[in-house]
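These are the residues of each chain, in order.
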There are 2 protein chains.
Amino acid sequence: MVDVAREAGVALRTVSRVVNQDPTVGPDLVQRVRAAIADLGYRPDERARHLRLGVTGTLGAAVRQLSHVNPVLRAVERAARAADLMVLAASTEDDESLERHVVESMCRRRFDGIVLEPIGDDHRYLVPELAAGLSLVAVDRPVLGLDVDCVLSDNRSGIEKAYRHLVRHGHDRIAYIGDDERIYTARERAMAFRGCVAAHGGPLGTMLHTGEVESGRIREAVRAALSGSAPATAIVTGNAQLSVEVLRHLGADAVDVALIGFDDSELATLLRPDLTVVAQDTDAIGSTAIDMLRARIADPATEVRTVTVPVELITRGSGEIPPAP
Amino acid sequence: MVDVAREAGVALRTVSRVVNQDPTVGPDLVQRVRAAIADLGYRPDERARHLRLGVTGTLGAAVRQLSHVNPVLRAVERAARAADLMVLAASTEDDESLERHVVESMCRRRFDGIVLEPIGDDHRYLVPELAAGLSLVAVDRPVLGLDVDCVLSDNRSGIEKAYRHLVRHGHDRIAYIGDDERIYTARERAMAFRGCVAAHGGPLGTMLHTGEVESGRIREAVRAALSGSAPATAIVTGNAQLSVEVLRHLGADAVDVALIGFDDSELATLLRPDLTVVAQDTDAIGSTAIDMLRARIADPATEVRTVTVPVELITRGSGEIPPAP
DNA sequence: CCAAGCTGAGATAACGTTATCTCGAAAGGT
DNA sequence: ACCTTTCGAGATAACGTTATCTCAGCTTGG
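Each chain carries its own residue numbering, running from 1 in the written order of its sequence. Following the order in which they are written, the chains are lettered starting with A and the ligands numbered starting with 1. Local features in this predicted model are restricted to residues of pLDDT 70 or higher, and side-chain atom pairs are both shown and tallied only at a pLDDT of 80 or more, whereas totals for entire chains, interfaces and linings draw on every residue. As a convention, hydrogens and water are excluded, and side-chain values are obtained from all of the structure's heavy atoms.

Q: Honestly, the overall build of chain A in this entry has me stumped. Any pointers?
A: Within chain A, the secondary structure is distributed over 12 helices and 12 strands. Atoms counted for the radius of gyration: C-alpha only. Globule rule: 2.2 Å times residue count to the power 0.38. In terms of overall dimensions, chain A is more spread out than a globule: its C-alpha atoms have a radius of gyration of 26 Å, far above the 20 Å expected for 325 residues. C-alpha extents for chain A along the principal axes are approximately 90 × 40 × 30 Å. Restricting the contact set of chain A to residue pairs at least 6 apart, pairs at least 24 apart contribute 65%. As displayed, chain A offers around 14400 Å² of accessible surface, 51% of which is attributable to carbon and sulfur atoms. When charges are counted, Lys and Arg are positive and Asp and Glu negative, with His and the chain ends excluded. Taken as the charge location is NZ of Lys, CZ of Arg, CG of Asp or CD of Glu. Each charge sign in chain A was given a centre, from 37 positive and 47 negative side chains, and these centres are 3 Å apart. Helix and strand labels come from DSSP, where a helix needs a run of H or I of at least four residues and a strand needs a run of E of at least two; each type is numbered from the N terminus. We call two residues contacting when some pair of their heavy atoms lies within 4.5 Å. The accessible surface values rely on the Shrake-Rupley method and a 1.4 Å probe; as for residues, cover is taken only from the protein chains in view.

And the structure:
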């Protein structure tokens, strides 16, 4: 920048003015500065700019896996772009210590705000960051024990919708196969399912299976649910990956057992019958997260909120299979 | 930092030394400084650090869609992490102007290097950046017309492997359904297919269909390939998304027509029969990209290279269906 | 016992920007 | 013709770090 100023025969500040399109520069000087910039191949340095300005115009997104399908992240990027903010994303790989590393790196880089898919139950490392003014919004799962903005799907009502839908189609032995209950969403969904069974007056028995997503375990869960004296006639799964696994193990039985999956996916319309799902409103989640983050950045005193986004039951066939006589 | 120094009664430089674990600080001072840091909630500012240091320890990844499955990106993140570099990623959404925006933003932020999945044919905007010392490696597709490091899959040999495999299983009317040939990989694969047909002595006729991935077009292409007096008995698809679409339109015929897809995916083992695919070595692509980028950062004079990573044919059933009599 | 070396810590000057203040000159009003 | 206003552009001082140089106080060896 110094070189550009010298080359153009102007003051440093004038180069800055030209770069920032300040209208108070005479057209002849603008020309000279522009020429000098092109001549010398000058590239502005945002590090210095951000340092001076205080803000970075950058949001961080710390998500479970960048290289997985994540429609919420897409919505986050779009909404941020519309607000002229750059989103830079990194994976946490479902690893608490990696999450911490990523978030702290973003803080040290003074990102204006962070969208986080939190992992685990212990987020005490955030306390000093929040005290220092970090703007953060959690998506998909809450940050337990801390007063932090949060956007969640209505997991409970999703399970309830699925359950009621199956009951309405004549089922009364409905099984649930879910993820490890150490994960917040898995816990919520499993609890909601227990609630449904209790409300319906049935015994839980072999109707609920949760644990890690592992092919052998899922096979066993499917087998257990469908065997015995009172086999299930319908299955609800706890996430998209589980739907795939359950379908894999159902094999030819897929046309006889009703199935509702949690989470929509492109697979849903590829299979036969097409998969009935509880779909999250990922666009709403993403754009709400950015709205809340922007509000907090604009005014750190904004009241902390948790927004719950409704889910929708999309009927496509697999959930409307009647119970076997 | 000034406050910490005052609180601890030491010089600024000593605080810096403590933060950076410089061993030449007496243990009592370390204590005092640590205490002051905790007391005041001091957070180091990487912007200033990077500005002073010159390097940022950060790599950018500009990919088509963060929220799509992208095993190369996962490998890139892992390899970078192993080298103690942070990867920050952003989507280009297959939009040339967005790519430019993203890459230029990363340059202005002085990322040490960029991994880019290039879009389109015109990358002249990179010329001044490269001249200014940008370290860049292109993955999946080359940067046309510019001398830039590049990691590609061996698309041609992938198609040839698929074609030969089908011929070996008795097929001699093999159709190809591919993506828009404006896209480099689609072009390479389609050209390779033309080469195979020519080498095999057959007429191309209705055996090659390329264009945008659009459900109607794919349906038509499948219909055209399988009808007429000499219908195809096998299909090769140009990418994972096309495999899904082709399977959707094949419907019940899926068990009679041999199919080999380009790109492995989790769907491949869900469908019946399991999908035979040409799989890219995404781990090798990602780690090679990081290796090359690090080499270039370390020595900008490193000779520019294009590395072609071998692909593998994984037989699972769908590619071994014999031709209908 | 003193010169030479070592060691821990401070003072100062960058890194590349932009906000603020200042100032000269041109324009406009009486 | 003089005073005031406006406007364009420069000088200077931050923003928060770290590298370099300096120096006081100890060792150490002849």
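From this point, the discussion proceeds with the structure in view.
Q: Would you mind showing me how to read the protein's contact with DNA strand C here?
A: Taken together, 24 residues are adjacent to DNA strand C, and S16(A), R52(A), T14(B), R17(B) and G26(B) come closest. Distances are taken per atom, and a residue is near a molecule or strand as soon as one of its heavy atoms is within 4 Å of it. Near-protein atoms of DNA strand C (within 4 Å) split between backbone and bases, with sugar and phosphate holding 63%. Counting of polar contacts relies on pairs of N or O atoms within 3.5 Å, with two restrictions inside protein: one atom must be capable of donating a hydrogen and the other of accepting it, and residues adjacent in sequence are counted only when both atoms are side-chain atoms. Contact between DNA strand C and T14(B): a phosphate oxygen at 2.3 Å from a side-chain N or O atom of the residue. Take R52(B): an N or O atom from its side chain is 3.1 Å from a base nitrogen of DNA strand C. Ranked by residue count, the leading element in the surface near DNA strand C is helix 4 (residues 46-53) of chain A, at four residues.

Q: Teacher, can you tell me more about the sheet that holds strand 6 (residues 174-178) of chain A here?
A: Strand pairing within a sheet occurs via backbone hydrogen bonds; the two strands may be parallel or antiparallel. Residues and elements named next belong to chain A. Any two strands between which DSSP finds at least two bridges are classified as paired. If you walk across this open sheet you meet the six strands as 7-6-8-9-10-12, and the pairing is mixed. The sheet is open, and its two borders are formed by strand 7 (208-210) and strand 12 (311-314), each paired with just one other strand. With strand direction ignored, the average angle separating the axes of adjacent strands in the sheet is 15 degrees. Note on definitions: angles span 0 to 180 degrees between N-to-C directions of axes, and those axes are lines fitted to C-alpha atoms, for helices only across the stretch in contact.

Q: Honestly, the state of the cysteines in this entry has me stumped. Any pointers?
A: Residues and elements named next belong to chain A. Count a disulfide wherever a pair of cysteine sulfur atoms falls within 2.5 Å. Following the criterion strictly, the structure yields zero disulfides over all chains and no others. The cysteine C150 is free of any disulfide, with C107 supplying the nearest cysteine sulfur at 17 Å. Buried, partly exposed and exposed residues are distinguished by accessible area as a fraction of the type maximum, computed with a 1.4 Å probe on protein chains only: under 20%, between the cut-offs, and over 50%, respectively. Relative accessible area serves as the criterion here: at 2%, C150 is assigned to the buried category.

Q: How do you make sense of the nonpolar core when you look at a structure like this?
A: It is characteristic of soluble globular proteins that their nonpolar side chains tend to be buried jointly. Membership of the largest hydrophobic core comes to 48 residues, with the highest contact counts inside it found for I177(A), I235(A), V246(A), I177(B), I235(B) and V246(B). Every residue in contact with I235(B), bar those within four places of it in the chain, is listed here: A175(B), I177(B), L226(B), V246(B), L250(B), V257(B), A258(B), L259(B) and I260(B). A61(A), A289(A), L293(A) and A289(B) belong to the second-largest nonpolar core, a separate cluster that totals 45 residues. Residue types Ala, Val, Leu, Ile, Met, Phe, Trp, Tyr and Cys, when buried and joined through side-chain atoms within 4.5 Å, form a set referred to as a nonpolar core.

Q: Got a minute to help me understand the packing of helix 4 of chain A against helix 4 (residues 46-53) of chain B in this structure?
A: A pair of packed helices is characterised by two quantities: the angle between their axes and the separation of those axes. Where helix 4 of chain A meets helix 4 of chain B, the closest approach of the two axes is 9 Å, and the angle between their N-to-C directions is 140 degrees. When the interaxial angle is binned, helix 4 of chain A and helix 4 of chain B end up oblique. Every pair of crossing elements has a handedness; the one defined by helix 4 of chain A and helix 4 of chain B is left-handed. Here R47(A), A48(A), H50(A) and L51(A) of helix 4 of chain A come into contact with helix 4 of chain B, specifically with R47(B), A48(B), H50(B) and L51(B). Its residues assigned to classes, the contact of helix 4 of chain A with helix 4 of chain B comprises four nonpolar, two polar and two charged. Each angle receives one of four descriptions, namely roughly parallel if under 35 degrees, roughly antiparallel if over 145, roughly perpendicular if within 65 to 115, and oblique otherwise. The sense of a crossing depends on the near helix, which, turned anticlockwise from the far helix by less than a right angle, makes the crossing left-handed and, turned clockwise, makes it right-handed. Gly counts as polar in this scheme, as do all residues outside two lists: the nonpolar Ala, Val, Leu, Ile, Met, Phe, Trp, Tyr, Cys and Pro, and the charged Asp, Glu, Lys and Arg.

Q: So what exactly am I meant to see when it comes to the domain arrangement of chain A here?
A: Interfaces are often sized by the amount of accessible area the parts lose when they come together. All names here are of chain A. What counts as a domain boundary in this text is fixed by an automatic or database domain assignment. Structurally, chain A comprises domain 1 (2-44), domain 2 (55-153 + 282-309) and domain 3 (155-280 + 313-320). When each unit is reduced to the centre of its C-alpha atoms, the spacing between domain 2 and domain 3 is 30 Å. Taken together, the nine residues of domain 2 in the interface contact five residues of domain 3. Carbon and sulfur atoms supply 49% of the area buried between domain 2 and domain 3, which totals about 690 Å² over both sides. Buried area is understood as the total, over both parts, of accessible area removed when two parts are fitted together, assessed with a 1.4 Å probe. If you sort the residues of domain 2 by the area they bury against domain 3, D140, R141 and S153 come out on top, with a joint share of 50%. The rule for a salt bridge is simple: a side-chain nitrogen of Lys or Arg has to be within 4 Å of a carboxyl oxygen of Asp or Glu. Summed over the shared surface of domain 2 and domain 3, the number is zero salt bridges. Our enumeration of links across domain 2 and domain 3 arrives at three residue pairs in polar contact (both at pLDDT 80 or more). The set of elements that each furnish at least two residues to the side of domain 2 that touches domain 3 consists of strand 5 (149-153) and helix 12 (282-298). Broken down by class, the residue content of the side of domain 2 that touches domain 3 amounts to four nonpolar, two polar and three charged.

Q: Is there a simple way to think about the interface of chain B and chain A in this case?
A: Residue-level contacts link 50 residues of chain B with 49 residues of chain A. Across the chain B to chain A interface the summed buried area is about 4600 Å²; carbon plus sulfur atoms make up 55%. Taken as a group, R43(B), R47(B) and R109(B) account for 17% of the area that chain B buries against chain A, more than any other trio of residues on that side. The tally of links from chain B across to chain A stands at 10 salt bridges. Taken together, the links from chain B to chain A amount to 26 residue pairs in polar contact (both at pLDDT 80 or more). Elements with a minimum of two residues in the side of chain B that touches chain A: helix 4, helix 5 (71-82), strand 2 (86-91), helix 6 (96-108), helix 7 (126-131) and helix 11 (240-250) of chain B.

Q: Whenever I open this one, helix 10 (residues 215-226) of chain B confuses me. Can you help?
A: Three- or four-residue spacings in an α-helix give side chains the same orientation, since the helix completes a turn every 3.6 residues. All names here are of chain B. With 12 residues, helix 10 extends 17 Å between its outermost C-alpha atoms, agreeing within 8% with the 16 Å of an ideal straight helix rising 1.5 Å per residue. Taken together, the buried positions of helix 10 are R217, I218, A221, V222, A224 and A225. Projected down its long axis, helix 10 carries its buried residues within an arc of 165 degrees, all on one side. Among the structural elements, strand 6 (174-178), strand 7 (208-210) and helix 11 are those in contact with the buried residues of helix 10. Following helix 10 by one or two positions, G228 adopts a phi angle in the positive range, close to 85 degrees. Expected helix span is taken as 1.5 Å per residue step, with the number of steps being one fewer than the number of residues. The reported arc concerns the directions from the helix axis to the C-beta atoms and nothing else.

Q: Would you take a moment to explain the sheet that holds strand 6 of chain B for this structure?
A: All names here are of chain B. One open sheet accounts for six strands, arranged 7-6-8-9-10-12; its pairing is mixed. Each having just a single partner strand, strand 7 and strand 12 (311-314) make up the two edges of the open sheet. Direction aside, the axes of adjacent strands within the sheet are offset by 15 degrees on average.

Q: Looking at this structure, how should I read the pattern of salt bridges?
A: A complete count under the given rule lists 42 salt bridges over all chains for this structure. Of the charged contacts in the structure, one is a salt bridge between R43(A) and E129(B), with a shortest N-O distance of 2.9 Å. Highlighted residues: R43(A) in the loop between helix 3 (27-40) and helix 4 and E129(B) in helix 7, drawn from two different chains. Note on R43(A): relative accessible area 25%, which makes it partly exposed. Residue classification places E129(B) among the buried residues on the basis of a relative accessible area of 6%. Of the charged contacts in the structure, one is a salt bridge between E46(A) and R49(A), with a shortest N-O distance of 3.8 Å. In this pair, E46(A) and R49(A) both sit in helix 4, three residues apart, roughly one turn of the helix. A relative accessible area of 37% places R49(A) in the partly exposed class.

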